[in-house]
Amino acid sequence: MIRVGQEGAEDDKAGEASAYPDPIVDEALEWLARQQNAPLARADQQQFQEWLRRSPRHGEEFRSLEAMWGSPELRKAAEGLPAAARGSMDRRRLLPSARHPRTRSLRGAAAAAIVMIAIGAWQYPALMLRWRADYITATGDRANVSLPDGSLMLLNTASAVSIDFRNGQRHVTILEGEAFFDVRHDPAHPFRVAGHFGETEVKGTAFAVRTESDRDTVVLERGRVEVSRLSDSGDHVELDPGEMVTATAKALSTVVRRDPSEILAWRDGRIIFENQRLSRVLDELRRYYHGIVIVADGRVDDLVVTGNYRLDDVPGAIGTLADAAGETMTRLPGGIILLR
């Protein structure tokens, strides 16, 4: 187990992570762009081989960037773009601009292509959500909302909800992300929160609901709630304070005890984890980061970490984790972080 990032310690090592620009990374990015556009001519191929022989790091940086360009993580990010915008990604091509000198345009084309994928993948789904959402937060933001009945809602990062309080109803649908509710007591009008797979009903309590592509998670801080599956209301369970349950398309999970102060630390702008796989922690940190985090080392799945970080400095947190895990962190244009 690796124990890192305890209170007050997370800033000490963050500066050790390398930050773009790096001349060798810059040159490797240029060579990648040139090779993605078309096969190198014989003379260019000779220059490339000479460049590789200058130092072992040249080959390491080029192979890392090449792996990043073909990585499932980057391809997954590109899936959020319209089909027309994904065309160049599908062909693995980087198209240079004829308006600038060749060396700068090729280098810029590689960076621009990756940046556009990162920005587009972040913005496009959010734009679609706006058609349905009454409240929405951007990546890294939180928002306090006073609901029509006097209940309070705190939206976490990249979250969207719609509400329906007409005719005495108290109904919230979480379209994406996570929200914490401090519900005003009103026995005559149950307060309901629906996710993708489950619905939570209360009359007055404090709890959080997080929805993901394959599950909804409900955590109860105080009071009492009933959680049922949307597809089968007969499949339901009641939670006591400090309990958590997940709902999927097929079933409710076993109720487990969890510390709400740890799971809901995001309310105070922190992330706390104990004996968690580093890959899972990185997935959590990605939720609060505007760019893309790419891991090019399979060992990350085998590392277990414990820590406590501020969410307003995700690159610093990742840098410290990388240092403790013996990984190298490189920051590229467009907010891309590469771990290897």
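Starting from 1, residues in each chain are numbered consecutively following that chain's sequence as written. Since the coordinates come from a predicted model, pLDDT governs what is reported: local features require at least 70, and pairs of side-chain atoms require 80 or more to be given and counted, while whole-chain, interface and lining totals use all residues. Excluding hydrogens and water, the side-chain figures rest on all heavy atoms present in the structure.

A.B. asks: So what about the pairing of strand S20 (residues 336–339)? Which residues, and what values?
C.D. replies: Only protein chains enter the calculation, and the probe is 1.4 Å; a residue is then buried if its accessible area is under 20% of its type maximum, exposed if over 50%, and partly exposed in between. By definition, any uninterrupted DSSP run of H or I lasting at least four residues is a helix, any uninterrupted run of E lasting at least two residues is a strand, and each is numbered from the N terminus. Of the two faces of S20, both are covered, the one formed by Ile336 and Leu338 as well as the one formed by Ile337 and Leu339. Two strands form a pair only when DSSP identifies at least two bridges running between them. Here strand S17 (residues 292–295) runs beside S20; their pairing, made up of four bridges, is parallel. Across the sheet, the residue bridging to Ile292 is Ile336, located in S20. From the end of strand S19 (residues 329–332) to the start of S20, which pair antiparallel, there are three residues, and Gly334 there has a positive phi angle of about 80°.

A.B. asks: Could you give me a rundown of the packing of helix H8 (residues 278–286) against helix H9 (residues 314–324), with the residues and numbers involved?
C.D. replies: Only the contacting stretch of a helix is used when fitting its axis, a line to C-alpha atoms as for every element, and angles between N-to-C directions run 0 to 180 degrees. Two elements in contact, H8 and H9, have axes whose closest approach is 11 Å; the angle formed by their N-to-C orientations is 170°. On the basis of the axis angle, H8 is roughly antiparallel to H9. Of the residues in H9, those in contact with Leu278, Val281, Leu282 and Leu285 of H8 are Val314, Ala317, Ile318 and Leu321. Across the contact of H8 with H9, the residue classes break down as eight nonpolar, no polar and no charged. Orientation labels follow simple angle bins: below 35 degrees gives roughly parallel, above 145 gives roughly antiparallel, 65 to 115 gives roughly perpendicular, and whatever is left gives oblique. In what follows, residue pairs with any heavy atoms lying within 4.5 Å of each other are defined as contacts. Put simply, Ala, Val, Leu, Ile, Met, Phe, Trp, Tyr, Cys and Pro go in the nonpolar bin, Asp, Glu, Lys and Arg in the charged bin, and everything else, Gly too, in the polar bin.

A.B. asks: Quick rundown of the pattern of salt bridges? Include the residues and the values.
C.D. replies: Basic side-chain nitrogens of Lys or Arg form a salt bridge, by our definition, when they fall within 4 Å of a carboxyl oxygen of Asp or Glu. Overall, the coordinates contain 19 salt bridges when judged by the stated rule. Note that Asp240 and Arg224 form a salt bridge whose closest N and O atoms lie 2.2 Å from each other. Taken together, the residues span a long stretch of sequence, with Asp240 in the loop between strand S13 (232–239) and strand S14 (243–247) and Arg224 in the loop between strand S11 (216–222) and strand S12 (225–229) at a distance of 16 residues. You can call Asp240 partly exposed: its relative accessible area is 30%. A salt bridge links Arg258 to Glu262; the shortest N-O distance between them is 3.7 Å. Since its relative accessible area comes to 31%, Arg258 is described here as partly exposed. A network of salt bridges, in which partner residues are shared, links Glu178, Arg210, Glu212, Glu284 and Arg287.

A.B. asks: With reference to specific residues and values, describe H8.
C.D. replies: Of all the positions in H8, only Leu278, Ser279, Val281, Leu282, Glu284 and Leu285 are classed as buried. Buried residues belonging to H8 abut strand S10 (206–211), strand S16 (270–277), S17, strand S18 (304–310), H9 and S20.

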